[in-house]
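Remarks on the overall topology
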Amino acid sequence: MSKEVRTLLPSDSKPKADEMLAFLDTLDQSGQRSLLDFFQGARFMQSLMTNTQQSDIRPSS
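In this report, the structure presented in the accompanying data block is examined. Quick caveat: nothing in here was measured; it's all calculated off a predicted structure.

**Considering the overall build of the protein**
- Within the protein one finds two helices and zero strands.
- When burial is assessed residue by residue, the protein has 7% of its 61 residues classed as buried.
- Approximately 5600 Å² of the protein is accessible, and the part contributed by carbon and sulfur atoms is 57%.

Listed below in structure tokens is the structure:
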């Protein structure tokens, strides 16, 4: 696994972050890719939900 770290899910403590990194090291290349795909999908859905909520708040012309 690459040692580059980008925060997808913020952790409020170093022990939790270390535990997550240890978990990632247990995954093979395919498992890491699947988890990354899941996180990217979750971020995409979150952006859709945020955009939908903002459009509901905006007054119509």
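**Some remarks on the pattern of salt bridges**
- A complete count under the given rule lists two salt bridges for this structure.
- Lys14 is the salt-bridge partner of Asp18, the closest N and O atoms lying 3.1 Å from each other. Linking Asp18 with Lys14, this pair stays in helix 1 (residues 14-26), spanning four residues, or about one helical turn.
- Residue Asp18 is classed as partly exposed on the basis of its relative accessible area, which comes to 37%.

**As for the packing of aromatic side chains**
- Following the criterion strictly, the structure yields one aromatic pair and no others.
- Aromatic side chains Phe38 and Phe39 sit 5.8 Å apart centroid to centroid with 55° between the ring planes, which places their arrangement in the tilted category.

**Looking at the side chain of Gln32**
- Among the structural elements, Gln32 can be located in helix 2 (residues 29-57).
- Owing to a relative accessible area of 18%, Gln32 belongs among the buried residues under this scheme.
- Polar side-chain contacts of Gln32 include one of 3.4 Å to the backbone oxygen of Leu24.

**So, a nonpolar patch on the surface**
- Together, Phe44, Met45 and Leu48 line one region of the surface with nonpolar side chains, adding up to about 300 Å² of accessible area.
- Mapped onto the elements of the fold, Leu48 is located in helix 2.

Rules and cut-offs
Residues numbered from 1 in each chain as written. Predicted model: local features only at pLDDT ≥ 70, side-chain atom pairs only at ≥ 80, totals over all residues. Heavy atoms only, no water. Helix = DSSP H or I, 4+ residues; strand = E, 2+ residues; numbered from the N terminus. Buried < 20%, exposed > 50% of the residue type's maximum accessible area, 1.4 Å probe, protein only. Areas by Shrake-Rupley, 256 points an atom, 1.4 Å probe, with all protein chains shown as cover. Salt bridge = Lys/Arg side-chain N within 4 Å of Asp/Glu carboxyl O. Phe/Tyr/Trp six-rings, centres within 6.5 Å; stacked < 30°, edge-to-face > 60°. Polar contact = N/O pair within 3.5 Å; in protein donor to acceptor, adjacent residues only side chain to side chain. Patch = residues over 30% accessible without salt bridge, like charges linked within 9 Å, V, L, I, M, F, W, Y side chains within 5 Å.

Coordinates in, geometry out; function isn't part of it.
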